[in-house]
Amino acid sequence: MFENPFKNKTVLVTGHSGFQGGWLSFWLNTLGAKVVGYSLELPSEPNLFEAIELSKDLYRNIRGDVRDFEKLYKVFADHRPDMVFHLAAQSLVRPSYKSPALTYETNVMGTVNVLEAARQTKSVRVIVIVTSDKCYKNQEWIWGYRENDPMGGHDPYSSSKGCAELVTAAYENSFFPPEKYGADHEVGVATVRVGNVIGGGDWGEDRLMPDCVRSINQDKDIVIRYPKAIRPWQHVLEPLYGYLLLGAKLWKKAPRYIGAWNFGSTDGKLWTVEDIAKKICNVWGNVKCVIDPDPHPHEAHSLTIDSSKARIMLDWNPQFKVAEALEKTIDWYKVYYQGAGPNELKRHTAHQIEAYCLGTRDMGDRENDSSNVP
């Protein structure tokens, strides 16, 4: 898939015990990388990390806070990573209203610390900073935001992600400029912006899919807060494939791929929160959803991102429509709730990745097959 530049490379993943970080670390391990994970304590109970016993697959499993520069830098100095994927974050809007200072400390200074530690570690050649589609100054447009649209953010979380983008751009311009690659440095830096990601193994608070799963497991109605909000829903493997593809490109031809990238849904249909909840009810069966009448803090109503740059320059093409992403997600949870142990869940997770890779390869073969050209 990637001519595998990850094999035998030391790859540091911050936030590896989280939902996206867990899937990414597991995938990197299957590619032969020596994964060094750095994150806080496990984010929920249950959680993906323990469900698939991810600690057994990692080269190193380190507990630490990205706000703690000294400890973070020691990890860089001790393990000298070749690549860094930074996913550690305070990743939710509503908690950012309750703890704005913590949100900025984690998302802004945490990013500064990762970039600074990488700058001081000569082994690092690839840095991928994961932010959010909420980094954009939201105008409630019905069309998708592009990578050169202005940063912004109504709430502390969204603002902090915009700040993380600006911090990364400043480090790129100051220390890793593309035009000086090969002469003054050999580091490729990129940021990636993704939408609402779903997939098996997410039990985080204040996210739609985990909230639905918890309600179903407790035989309760699904309660939704922002029924008409539009988001770029996608299966977790879609953006992770983008991160890996981008990391591989940065390793080989960094100057061309340095900068910001969107990895969003290309479904063509605008799915609201209510649409997603009802689809979950239909697929899972014997459950219904209700709308929470209580007021809630402001969140963007309409938010979509344009991924044309990734499709054209990276040949990144999402496989799943939203309905299929939901089906695969629910399939994973059903295996878990039917009592599957860690080994079975690990096999199921690996199977989903393998099937995704084969599907992506088949898609590329079809697109490159001249016999399909009329």
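Residues numbered from 1 in each chain as written. Predicted model: local features only at pLDDT ≥ 70, side-chain atom pairs only at ≥ 80, totals over all residues. Heavy atoms only, no water.

Colleague: Explain the overall build of the chain to me, and be specific about the residues and the numbers.
Modeller: Within the chain, the secondary structure is distributed over 12 helices and 11 strands. Taking 2.2 N^0.38 as the reference for a compact globule, 374 residues should give roughly 21 Å; the C-alpha atoms of the chain span a radius of gyration of 20 Å, in line with that estimate. If you line up the chain on its principal axes, its C-alpha atoms span 60 × 55 × 45 Å. Within the chain, buried positions represent 58% of all 374 residues. Across the chain, contacts joining residues at least 24 apart in sequence account for 80% of those joining residues at least 6 apart. In the structure as shown, the chain presents an accessible area of about 16,000 Å², 49% of it carried by carbon and sulfur atoms. (Helix = DSSP H or I, 4+ residues; strand = E, 2+ residues; numbered from the N terminus. Rg over C-alpha atoms; globule rule 2.2 N^0.38 Å. Buried < 20%, exposed > 50% of the residue type's maximum accessible area, 1.4 Å probe, protein only. Contact = heavy atoms within 4.5 Å. Areas by Shrake-Rupley, 256 points an atom, 1.4 Å probe, with all protein chains shown as cover.)

Colleague: Lay out the pattern of salt bridges with the relevant residues and their values.
Modeller: Within the structure shown, the criterion is met by 14 salt bridges. Among the ionic pairs, Glu116 bridges to Arg119, the shortest N-O distance being 2.7 Å. Taken together, the positions of Glu116 and Arg119, both in helix H5 (residues 100–119) and 3 residues apart, correspond to about one turn of that helix. On the accessibility criterion, Glu116 (15% relative accessible area) is buried. Looking at Arg119, the relative accessible area reads 34%, which means it is partly exposed. As a salt-bridge pair, Arg207 and Asp202 come within 2.7 Å of each other at their nearest N and O atoms. Among the residues examined, Arg207 registers a relative accessible area of 25% and is labelled partly exposed. A relative accessible area of 4% means that Asp202 is categorised as buried. Within this structure, Asp65, Arg67 and Glu105 form a network of salt bridges that share partners. (Salt bridge = Lys/Arg side-chain N within 4 Å of Asp/Glu carboxyl O.)

Colleague: Explain the confidence of the model for the chain to me, using residue names and the numbers behind them.
Modeller: Averaged over every residue, the pLDDT of the chain is 90; the share at 70 or more is 93%. This stretch, residues 366–374, has a pLDDT under 50; its non-local contacts, to residues over four places away or in other chains, come to 3 contacts. (pLDDT = per-residue confidence, 0-100.)

Colleague: Account for the nonpolar core, naming residues and giving values.
Modeller: Within the largest apolar cluster, 79 residues are counted, with the highest numbers of intra-cluster contacts made by Trp27, Leu28 and Phe85. In contact with Leu28, other than residues within four places in its own chain, are Phe6, Val11, Val13, Ala33, Val35, Phe85 and Leu244. Val84, Ala117, Ile127 and Val187 belong to the second-largest nonpolar core, a separate cluster that totals 24 residues. (Core = buried A, V, L, I, M, F, W, Y, C linked by side-chain atoms within 4.5 Å.)

Colleague: A description of the environment of Ser307 should follow, citing residues and the corresponding values.
Modeller: Take Ser307: it is sitting in the loop between strand E11 (289–291) and helix H10 (308–313). For the pair Ser307 and Tyr145, spaced 162 residues apart in sequence, the C-alpha to C-alpha distance is 8.7 Å. Ignoring sequence-local partners within four residues, the contact set of Ser307 consists of Asn262, Phe263, Gly264 and Trp316.

Colleague: Just give me the short version of the side chain of Asn107, but keep the residues and values in it.
Modeller: With respect to the helices and strands, Asn107 occurs in helix H5. Here the side chain of Asn107 touches Ser160 through a polar contact of 2.9 Å, side chain to side chain. (Polar contact = N/O pair within 3.5 Å; in protein donor to acceptor, adjacent residues only side chain to side chain.)

Colleague: I'd like a rundown of helix H8 (residues 237–257), residues and numbers included.
Modeller: Here H8 is 21 residues long, yet its end C-alpha atoms lie only 21 Å apart, well below the 30 Å a rise of 1.5 Å per residue gives. The largest bend in H8 comes to about 95°, at Trp251, with the proline Pro255 one to four residues further on. The buried fraction of H8 is high, at 16 of 21 residues. Two residues or fewer past H8, Gly259 is found with a positive phi of approximately 130°. (Expected span 1.5 Å × (residues − 1). Bend = angle between axes of the 7 residues up to and from the residue.)

Colleague: Before we move on, can you summarise the pairing of strand E10 (residues 259–263) with the specific residues and values?
Modeller: Buried residues dominate E10, accounting for 5 of its 5 residues. Direction of pairing for strand E6 (residues 188–194) relative to E10: parallel, over a ladder of 5 bridges. Along E10, the bridge assignment pairs Arg193 with Asn262. (Pairing = 2+ DSSP bridges.)

Colleague: Tell me about the sheet that holds strand E5 (residues 126–130), and name the residues and values.
Modeller: In a beta sheet, neighbouring strands are held together by backbone hydrogen bonds and run either parallel or antiparallel to one another. Taking strand neighbours across the sheet as the criterion, the 7 strands line up as E3-E2-E1-E4-E5-E6-E10 in an open arrangement whose pairing is parallel. For this open sheet the edge positions go to strand E3 (60–63) and E10, each flanked by a neighbour on one side alone. Within this sheet the neighbouring strands show an average axis-to-axis angle of 15°, counted without direction. With 5 bridges connecting them, E5 and E6 associate as parallel partners. Of the residues in E6, the one forming a bridge with Val128 is Ala190. Relative to strand E1 (residues 10–14), helix H1 (residues 19–30) is tilted by about 170°, and along the sheet it contacts E1, strand E2 (34–39), strand E4 (83–86) and E6. (Axes fitted to C-alpha atoms, helices over the stretch in contact; angles between N-to-C directions.)

Colleague: Can you break down the packing of helix H7 (residues 208–217) against helix H11 (residues 322–337) residue by residue, with the values?
Modeller: Put simply, H7 and H11 touch, their axes get as near as 12 Å, and they point 40° apart. Between H7 and H11, the crossing angle belongs to the class labelled oblique. For H7 against H11, the interelement crossing comes out right-handed. Two secondary-structure elements touch here, H7 through Met209, Val213 and Asn217 and H11 through Leu326, Thr329, Ile330, Tyr333 and Tyr337. Classifying every residue of the contact of H7 with H11 by side-chain character gives 6 nonpolar, 2 polar and no charged. (Parallel < 35°, antiparallel > 145°, perpendicular 65-115°, else oblique. Left-handed = near helix turned anticlockwise from the far one by under 90°. Nonpolar A, V, L, I, M, F, W, Y, C, P; charged D, E, K, R; others polar.)

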